[in-house]
Structures are given as C-alpha cells and as structure tokens.
Amino acid sequence: MWNKEVETLPRDKMEEIQLERLKDTVKRVYENVPFYRNRLDEAGVSPDNIKSLDDIRRIPFTVKDDLRENYPFGMFAAPMKDIVRIHASSGTTGKPTTVGYTKADLELWSECVARIIAMAGGTCEDIAQIAFGYGLFTGAFGLHYGLEKIGAAVIPMSSGNTEKQIMIMKDYQSTILVSTPSYAMHMVEVMEELGVKKSELNLKIGLFGAEGSTEEMRAQLEKRWGILATENYGMSELIGPGVSGECVHKTGMHINEDYFIPEIIDPDTGEVLKDGETGELVITTIGKQGIPLLRYRTKDITYLIKEPCPCGRTTTRMAKIQGRSDDMLIIRGVNVFPSQVESVLLGIEHISPHYQLIVEREGFIDKLKVVVELEDSSLLESFAQLEKLEETIKHKLHTVLGLSAKVELAEPRTIERFTGKAKRVIDLRK
Ligand code: DLL
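Cut-offs applied
Residues numbered from 1 in each chain as written. Predicted model: local features only at pLDDT ≥ 70, side-chain atom pairs only at ≥ 80, totals over all residues. Heavy atoms only, no water. Phe/Tyr/Trp six-rings, centres within 6.5 Å; stacked < 30°, edge-to-face > 60°. Buried < 20%, exposed > 50% of the residue type's maximum accessible area, 1.4 Å probe, protein only. Lys NZ or Arg CZ within 6 Å of the ring centre and 35° of its normal. Salt bridge = Lys/Arg side-chain N within 4 Å of Asp/Glu carboxyl O. Helix = DSSP H or I, 4+ residues; strand = E, 2+ residues; numbered from the N terminus.

Undergrad: Teacher, can you tell me more about the packing of aromatic side chains here?
TA: The description of two aromatic rings rests on the distance between their centres and on the angle between their planes. Throughout the structure, instances matching the rule amount to five aromatic pairs. Aromatic pair Phe 35 and Tyr 36: ring centres 5.0 Å apart, planes at 65 degrees, arrangement edge-to-face. Taken as a pair, Phe 35 and Tyr 36 share a single burial class, namely buried. Note on Phe 132 and Phe 137: the rings are 5.5 Å apart at their centroids and 80 degrees apart in plane angle, and the pair reads as edge-to-face. Residue class for Phe 137 comes out partly exposed when judged on its relative accessible area of 22%. Directly above the aromatic system of Phe 141 lies the positively charged group of Arg 85, at a separation of 4.8 Å from the ring centroid. Across from the ring centre of Phe 61, 5.6 Å away, lies the NZ or CZ of Arg 297, which sits over that ring.

Put into structure tokens, the structure is as follows:
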C-alpha cells in the first residue's frame, strides 16, 4: 500500500479527519469565493453550523453550470499568485470548465494518484507508458506525477501515433499502459495487425480510466494484452484522475476518502440514498485549495460499497460507473445506457468491440440503430450467416434493453477509432 496508515484507517478515525477537513473547506470557500458565500447565506448555513458529517446535507449542491457562470476563475478559492497550474475539462460544447491547482494541490494530487497506481500493483520497478493526451486534459499529467512519485519510469508518449506506441512498448518493454479503455482496445488491434505478439511485450498492468467500459470489455483487454486491467475514476472539477481506483481484487474503486466525501443521490429529487442504492455520485472535495467544491453533482451513476475488501483497505468503494445521467438515452420511453449495449455486443462472436449507437426520430417515433463492426471479412461472403448474426444481435439487444433496435453490420475497420475518450452515441434528435 502506498499510504497504509490512511488507507486502512478505522471508520471513526476517517470520519474525524473528514469532519475537520470539511469544516476547513466550508470556511475557506465562504471566506474566499463570493459564489459560495451567497449560496451558503441563501441556504442559511454558516461555517459554524457544520458540527457533524451529517451537516453536509444542509449544504446546497454545486453543479457544472455554477462553474460555467463563474468562468474562468470565479470559483477559485486561492489568489492567482498561489495558483501554479491550470487544467480544463474536455467539454465538447461551449467554454471549458476551468480548474486551478496550488503547489499543495499538486502534491495532494500526486499522493492520490500514487495510491491508485500502487493499488493496481504498480511499483518503482515499473516502466509506464502514458497514452493519454498531454494538455488541458488532466489524465496525462495526473498519472505522470503519481507515477513519478512512486518512482516508476515514465514514458510521456501522449495519445495517438499508435504504431509508434507499439514500437516503443516493445523496445522499452513497458510494463504499465495508461490510457482510455477504448484506446487500449484500438492499440491491441494495431499490435495484432502489425504481427507483434503479446509475448514480445512485457506489459503487465493496464491503468484505464477517463471513460466507462464494461466487464466484457475488460475481459477482452486482459486476454488480448495478457495483462491485469484495472480501472480508475476522476474528474477535472474534482482534481482529475485520483478520486478512486481499483486494487488487484477488482471489487470496486477505492475512494481516497480523506480528500473526497462521496454521497449518492436520487438524480431527480436530490434525496440522499442509502449505501448500496444506485444513483448520482456527489463529491465534496476536502483537501484542495485552488478550487474546492461542495457537494458537486458528477452526473455519474453508481453505488457505494462498504463491505471489507480482501486487500485490507477500509475506504469506501464505488462500483463501475453505469453511465452519466446525461448520456442515458430515452428511446420510446425506455431508458438505455450505452454500457448496456456494449455488454451485449461484447458477448457475441464474430463482431469487433467497436460500435456506434444512432438515435433518430421518424415522425414522432424514436428509432435506435446499432452499427456493429464485423471482426473479419470472411463472413461477408455468406448472406445466410450475416442474416443469422444480425438476428442474434437484435434478439439479445431486445432481451437486455426491452426495446427493438435496428442492427446494421459494418465491414471490418470501418467504425471510427478513438485515441482519447470514445464517442459512440450519435443522437440526431437534437
Ligand atoms: O476524465 C479524469 C480522468 C483522467 C480520470 C484519467 C481517470 C483517468 P474529465 O475529462 O473531466 O476528467 O471527465 C470526467 O469522465 O464525470 C465520468 O463521466 C468519466 N469518467 C472518468 N473516469 C471514469 C471511469 C477525467 N473510470 C468524466 N468510468 C467523469 C466511467 C469515467 N467514467
């Protein structure tokens, strides 16, 4: 363990730390961020009112629009002279969500990420290839500093140039790959096409994150690369990567609870749900100085796990993200998460793990089309086989989604590949 003392704290001790840091954070934002002072005044909460962890429920939620309205630096709780780094979210529309780090924040960030790497089995012996894009995105820098902190040798490849990634991986004998799961899938495909065998590599651990993926996807990544594929979670607004990560037992992602207080709420009513119930993850940051956030609504759907983990860590875990409340599709009244489609497709033979969901409206009726890529072109010669495959996919999708979808089979290698976060849903209704 990277920080055994903290990661195995008894619950009461962890809560003591959380309460103390929560009080400090509320005071800090009340004094330094006009937005929070107004919000808290409106809600009738002053920093002195926070006497127990339950008092967190008196604090109003913070949402992404609050950051947008205070763009770019209005939510910062530290003066600009103390900010040493600026990152921004990968938002595709409008202005990016901007975050700032003090020196102490960078230290805290490295600590959080180092714990996550160590959890997955990473050590100073490792050679880690970072295939996240360096830039405003937090993924590459976050992992970079965490890996350096544990003493691993970092290869800052950045994303893209996939053939070169494979060459470097083979020549330098990289042992850790850092990327999105979808890019890791694309990379292994290129590796196979180049005729490079996994036995020529020395890859052992995948540290995958920044987007969702299913257990079926993990199983394929583990098999094709011959690695242990672990997942970690984070968000620019909260810090970047380093909020939570899986240990080798893969029983959910251990949350760095001494810096992040998790809650699960009903996304419609805002009511706090009980442990084990599925809803929207809300996080309060309790260590950061640059831009601390109170009860930030992540829109990510998950549940919390408090049962002990065989690794001995006592921190609360969060289950795999099922999807984002804003990427849940409502088709003819039925809720569909892209992850459900992925888990169906990856269980079917002869198709590749690349797919696209296209939602259209014909008249007043929503139609879902799933474009699925064939693994190799041999199937194209048999109409009967193609038809059978299409039927199988349709049937399985119907069973899982409770909705009929049109299935389109695409030729091998025709669906777009991604080197960062995959974009698999095209909603033409908007
Ligand atoms: O993606 C931070 C990060 C970088 C995490 C590298 C892990 C590794 P953003 O670009 O702000 O930050 O995107 C945050 O990505 O709200 C989730 O919807 C999604 N996300 C991140 N990790 C996971 C994961 C980074 N393990 C948004 N599973 C979040 C599912 C994830 N979704």
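Having put the structure on the table, let's press on.
Undergrad: What is the right way to read the pattern of salt bridges from this model?
TA: As a working rule, side chains carrying opposite charge can pair if their charged atoms are close by. One pass over the full model with this rule turns up 34 salt bridges. In this structure, Arg 21 engages Asp 258 in a salt bridge whose closest nitrogen and oxygen atoms are separated by 4.0 Å. Of this pair, Arg 21 sits in helix α2 (residues 11–32) while Asp 258 sits in the loop between β9 (253–255) and β10 (260–265), and the two are 237 residues apart along the sequence. Look at Arg 21 and you get partly exposed, because its relative accessible area is 26%. For Asp 258, a relative accessible area of 3% gives the class buried.

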